[in-house]
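For reference, the chains in residue letters:
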Amino acid sequence: MDQTVGTTGLKRGLAQMLKGGVIMDVVTSDQAKIAEQAGACAVMALERVPADIRVDGGVARMSDPDIIYKIMDAVTIPVMAKCRIGHFVEAQILEAIGVDYIDESEVLTPADQYHHVDKHAFKIPFVCGCRNLGEALRRIGEGAAMIRTKGEAGTGDVVEAVFHARTVFGEIRRLIAMGDEEVMAFAKEIGAPYELLKETKDKGHLPVVNFAAGGIATPADAALMMQLGVDGVFVGSGIFKSGNPERRAKAIVEATTHFRDPQIIAEVSRNLGEPMVGRSVSSMPESEHLAVRGW
Amino acid sequence: MKIGVLALQGDFAEHIQILEKIGVTAVEVRLPQDMADIDGLIIPGGESTTIGKLAVRFGLMEPIRQLASTRPIWGTCAGAIFLARDSRHSQPLLGVMDISIRRNAFGRQAESFETDLDVPDVVTAENSQKVHAVFIRAPLIESVGTDVKVLARLPDGRIVAARQLNLLATAFHPELTGDDRFHRYFLSM
């Protein structure tokens, strides 16, 4: 049979199937089942959620494969897992395990201060974080098939997710308004590959799906990010660090679908119990910021 | 003509883009009232468990079942699962189409693939080429009822597209390839 695998279309295509959905961080197979039951379109298999990584300190690495296998066995939806920035062997291991998507993530301690993983070398697709258009297009240039605008993971504070989403969409609006002859200078200014910048200008959006991540803790946060223009949301610590994960997970899924309908968002936001205990990003020392990781 | 695209989750925007390109009005369907005056419905790719749960929660199951008795409905991938009578998995299904489907039949993302298919009913005089088909964590149609016509098979005989009167199911994603022949075929149903 004449079949091709691992193509750019297949890698980007899976992200297209996730649109309008919520990808939830889970650390056990029971949590994965709760997430699937609540309507998550995928789960991120982790050893610790970002809030705990912050508390524990030390070096954060790829999860124990055993945890990932158990989560893959527990659910039918796609399973993602994280490798450290630049740690291509962790990525090879995740590919060997057979996860559906690899997140080369700043939430883990970077393994390389200058280089990210060459993601073209893999059959499995990658998602990477960005704070601005240049960073997004550098990651896509390296082979990322999906982008997430970074927030401050593990804080429950949405402010950075909003800032980075606004930055990316603002730069795209500037790009669209430019003359073609201005694109090269803009590419130089933001450190973006010219061809991808041109493609973004012609399409009017990034060449890949773009989710929001980091600090999303309520249905209103999810709908806020959707109204700002992202294609879907990642929720990390916000669900399983809250008082009632089942209800909150379901409410965030419903608010993400009906993100333009405040009546429905109000209804699903009732009686969700305690949200995760937040931590204001503006009160954190610079050294604790994770979003700045990525080159 | 006005076609609804179920917009609970998944790649509904890709379907809308193709419909608009061929001059058809497309509307996003998230609630029963969005289905007023639609002449057909597309259920997109996405996660069938997510789409099913949201359809139950927002009261769309019965309105879609009623639509299925009078208007064309097409499901791609997750949408095909949602139309099926059985998916060997405990999840909400419309059950309007007499097909039995197996989810993730080829495996995980590493086994996702692209291939060319012979689809005699869909090719046109202007474009008689094979249909390029994208299978992403795709399902298979394992068996079909007597009223169901098989439209496409893989070279080894496994069924990947089928039609039952006004209902159409494809295990792959015509909305991702820029080839509008399947959309035109659906509009002619």
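Just above, that's the structure.
Throughout this description, residue numbers start from 1 for each chain and increase along the sequence as written. Here the convention is simple: chains get letters from A, ligands get numbers from 1, in the order in which they are written. Selection of residues for local features in this predicted model requires a pLDDT of at least 70, selection of side-chain atom pairs for listing and counting requires 80 or more, and totals for whole chains, interfaces and linings are taken over all residues. The side-chain numbers reported here are obtained from all heavy atoms of the structure, hydrogens and water having been left aside.

(A) The arrangement of the overall build of chain B in detail. Numbering of helices and strands starts at the N terminus; helices are DSSP runs of H or I of at least 4 residues and strands are runs of E of at least 2. A tally of helices and strands in chain B yields 5 helices and 12 strands. A globule of 189 residues ought to have a C-alpha radius of gyration of about 16 Å, and chain B, at 15 Å, matches this closely. Considering only contacts in chain B between residues 6 or more positions apart, those separated by 24 or more positions represent 64%. Note that accessible areas follow from Shrake-Rupley with a 1.4 Å probe, and for residues the cover is restricted to the protein chains shown. Accessible surface, chain B: about 6900 Å² in total, of which carbon and sulfur atoms supply 46%. Restricting the calculation to C-alpha atoms gives the radius of gyration, and the globule rule supplies 2.2 Å times the number of residues raised to the power 0.38. Contact criterion: two residues are considered in contact whenever any of their non-hydrogen atoms come within 4.5 Å of each other.

(B) A look at helix α6 (residues 133-141) of chain A. Residue and element names in this part refer to chain A. Buried, partly exposed and exposed residues are distinguished by accessible area as a fraction of the type maximum, computed with a 1.4 Å probe on protein chains only: under 20%, between the cut-offs, and over 50%, respectively. Burial within α6 is extensive, with 7 of its 9 residues counted as buried. Taken together, the buried positions of α6 are Leu133, Gly134, Glu135, Ala136, Leu137, Arg139 and Ile140. As for α6, its buried residues are in contact with α1 (8-18), β6 (126-130), β7 (146-149), α7 (159-177), α8 (183-190) and α9 (194-203). Definition of a polar contact: a pair of N or O atoms within 3.5 Å, with one able to donate and the other able to accept a hydrogen when the atoms are protein atoms, and with sequence-neighbouring residues admitted only if both atoms are side-chain atoms. Between the side-chain oxygen of the N-cap and the backbone nitrogen of Gly134 there are 3.3 Å, and the N-cap of α6 in question is Asn132.

(C) Quick look at the packing of aromatic side chains. All names here are of chain B. Pairing of aromatic rings covers Phe, Tyr and Trp, the last through its six-membered ring, and needs centres within 6.5 Å; plane angles under 30 degrees mean stacked, over 60 mean edge-to-face, and all others mean tilted. Under the counting rule described, the total for this entry stands at 10 aromatic pairs over all chains. Ring centres of Phe106 and Phe135 lie 5.9 Å apart, and the angle between their planes is 65°; on these two criteria the pair is classed as edge-to-face. In this pair, Phe106 is assigned in the loop between β6 (97-102) and β7 (113-117) and Phe135 in strand β8 (residues 131-135), connecting sequence segments 29 residues apart. Just as Phe106 is buried, Phe135 falls in that class too. Ring centres of Phe172 and Phe182 lie 5.6 Å apart, and the angle between their planes is 75°; on these two criteria the pair is classed as edge-to-face. Here Phe182 lies in helix α5 (residues 181-187) and Phe172 lies in the loop between β12 (167-170) and α5, a separation of 10 residues in the sequence. By the ring-pair criterion, three or more aromatic residues cluster together here, those being Trp74, Phe106, Phe113, Phe135, Phe172, Phe182, Tyr185 and Phe186. In our convention, an over-ring charge means Lys NZ or Arg CZ found within 6 Å of a ring centre and within 35 degrees of that ring's normal. Across the ring face of Phe58, the terminal group of Arg57 is positioned such that the distance to the ring centre comes to 4.7 Å.

(D) Spatial organisation of α1(A). All names here are of chain A. Judged by how many residues are buried, α1 sits mostly within the fold: 9 of 11 residues are covered. What α1 keeps buried is the set Leu10, Lys11, Arg12, Gly13, Leu14, Ala15, Gln16, Met17 and Leu18. Trailing α1 by a residue or two, Gly20 shows a phi angle of about 70°, which is positive.

(E) Inspection of a nonpolar patch on the surface at higher detail. Residues A:Phe88, A:Val89 and A:Ile93 make up a contiguous nonpolar surface patch of about 250 Å² in total accessible area. In this fold, A:Ile93 is placed in helix α5 (residues 88-97). Like-charged residues within 9 Å of one another, or nonpolar side chains (Val, Leu, Ile, Met, Phe, Trp, Tyr) within 5 Å, are grouped into patches, provided each residue has over 30% relative accessible area and no salt bridge. Think of a salt bridge as a Lys or Arg side-chain nitrogen and an Asp or Glu carboxyl oxygen that are within 4 Å of each other.

(F) The arrangement of unusual backbone geometry in detail. Residues and elements named next belong to chain B. Of note, the phi angle at Asn104 is positive, near 45°, even though the residue is not glycine. Positionally, Asn104 belongs in the loop between β6 and β7. Here Arg137, not a glycine, exhibits a phi torsion of approximately 40°, which is positive. Here Arg137 shows up in the loop between β8 and β9 (140-144). Residue classification places Arg137 among the buried positions, given a relative accessible area of 6%.

(G) Seen up close, the pattern of salt bridges. Residues and elements named next belong to chain A. In the structure shown here, the tally under the stated rule is 37 salt bridges over all chains. Lys70 is the salt-bridge partner of Asp66, the closest N and O atoms lying 2.7 Å from each other. Placement of the pair is Asp66 and Lys70 together in helix α4 (residues 65-74), with a separation of 4 residues, close to one helical turn. On the basis of relative accessible area, Lys70 is assigned to the partly exposed category, the value being 48%. Beyond isolated ion pairs, a larger network of salt bridges with shared partners links Lys82, Asp103, Glu106 and Arg148.

As far as function goes, none of this settles anything; it's purely spatial.
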